[in-house]
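Architecture at a glance
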Amino acid sequence: MTENGNVVPFVANDGDEEREESKSVSPHLVEAKRMVEAIIFASAEPVPERALVERLPQGTDVAEALEALRSDYEKRGINLVRVEDCWVFRTASDLSFLMSRNAVQQRKLSRAALEMLAVIAYHQPVTRAEIEEIRGVETSKGTLDILLETGWVKMRGRRRTPGRPVTYGTSTEFLDHFGLAELRDLPGIEELKGAGLLSARMPANFAVPQPMTDPDELTEDEDPLTDIDLEELGLLTPLAEDD
């Protein structure tokens, strides 16, 4: 009661609002959200949506459960984020400063490495020779190795040309690190100019390549890497021959 006898209206808190909202949601969706939440929370890596479909009961609308769960976490300290076709919990972007004390100091990439990463991101699938042609300078193997070690760049396959050179592309870790849901979220030419990364006096015919839609799908002029290829590239330990 207030001093003048009027009744102070009761204001529901967030928990009450969630309980009221849950009453209007079907029990099946509530349970699906719980299962999706449990799987993603327990995983150390982003979880592919197809993996959720395989693990949840048949007939579960996983896409609906994910969107509902993402909406639930929008205003919380952690958010449910889509990275390509995977889902992962991440600290809310406006609270990232709280983690800075425990952040590991990372060595900055060289200008050459950043240029190479940009070329791969926008032009993938691309070979080492093609990277050198685009940049106009010879590519150091050490620089490419650094990008492979970060996990942001991966070997995709082999080009169907003489010598069968290896093709390179970006990984899910690349998207996750830079906060991109998919490659098409890479900045376009106007955004690059606005950020001061491109001169406003670029040639009239200059264009930024349109990133591919599905970075995991091989193109018509690529062959998948075989076990023999992986052995040659040092990515697979050769099997011991029987005596």
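Shown above is the structure to which this text applies.
This write-up is about the structure you can find in this document. The written sequence of each chain sets the order in which its residues are numbered from 1. Selection of residues for local features in this predicted model requires a pLDDT of at least 70, selection of side-chain atom pairs for listing and counting requires 80 or more, and totals for whole chains, interfaces and linings are taken over all residues. Each side-chain value is derived from all of the structure's non-hydrogen atoms; neither hydrogens nor water enter the calculation.

1. Remarks on the side chain of Q124
- Secondary structure elements follow DSSP: runs of H or I no shorter than four residues count as helices, runs of E no shorter than two count as strands, and numbering proceeds from the N terminus. Inspection of the secondary structure puts Q124 in the loop between helix 5 (111-123) and strand 4 (126-127).
- On the accessibility criterion, Q124 (6% relative accessible area) is buried.
- Within the structure, Q124 has its side chain in polar contact with the side chain of T170 (distance 2.8 Å).
- Setting aside its immediate chain neighbours within four residues, Q124 contacts V119, Y168, G169, T170, L183, M212 and P215. Only protein chains enter the calculation, and the probe is 1.4 Å; a residue is then buried if its accessible area is under 20% of its type maximum, exposed if over 50%, and partly exposed in between. Counting of polar contacts relies on pairs of N or O atoms within 3.5 Å, with two restrictions inside protein: one atom must be capable of donating a hydrogen and the other of accepting it, and residues adjacent in sequence are counted only when both atoms are side-chain atoms. The contact criterion used throughout is that any non-hydrogen atoms of two residues lie within 4.5 Å.

2. Structural notes on the nonpolar core
- Put simply, buried Ala, Val, Leu, Ile, Met, Phe, Trp, Tyr and Cys residues joined by side-chain atoms within 4.5 Å make one nonpolar core. Ranked by internal contacts, the top residues of the largest apolar core, which has 25 residues, are I120, L147, Y168, F174 and L186.
- By residue number, the principal contributor to this core is helix 5, which donates 7 residues.
- Ignoring any residue separated from it by four or fewer positions in sequence, one finds F174 in contact with L117, A121, W152, L180, L183 and L186.
- Formed by 16 residues, the second largest nonpolar core is a distinct cluster that contains V62, L66, W87 and F89.

3. Examining the sheet that holds strand 4
- Pairing is antiparallel across the open sheet formed by 4 strands, whose spatial order is 4-6-5-7. On the outer flanks of this sheet lie strand 4 and strand 7 (222-224), each paired with one strand and no other.
- Strand pairing follows a simple DSSP-based rule, namely that at least 2 bridges must link the two strands. Two elements, strand 5 (residues 153-159) and strand 6 (residues 166-170), share 5 bridges in a ladder whose sense is antiparallel. Pairing of M155 across the sheet is with Y168, part of strand 6.
- Axis definition: a line fitted to C-alpha atoms, limited for helices to the stretch in contact. Angles are taken between N-to-C directions and run from 0 to 180 degrees. Contacts from helix 5 reach strand 4, strand 5 and strand 6, with the element oriented near 95° to strand 6.

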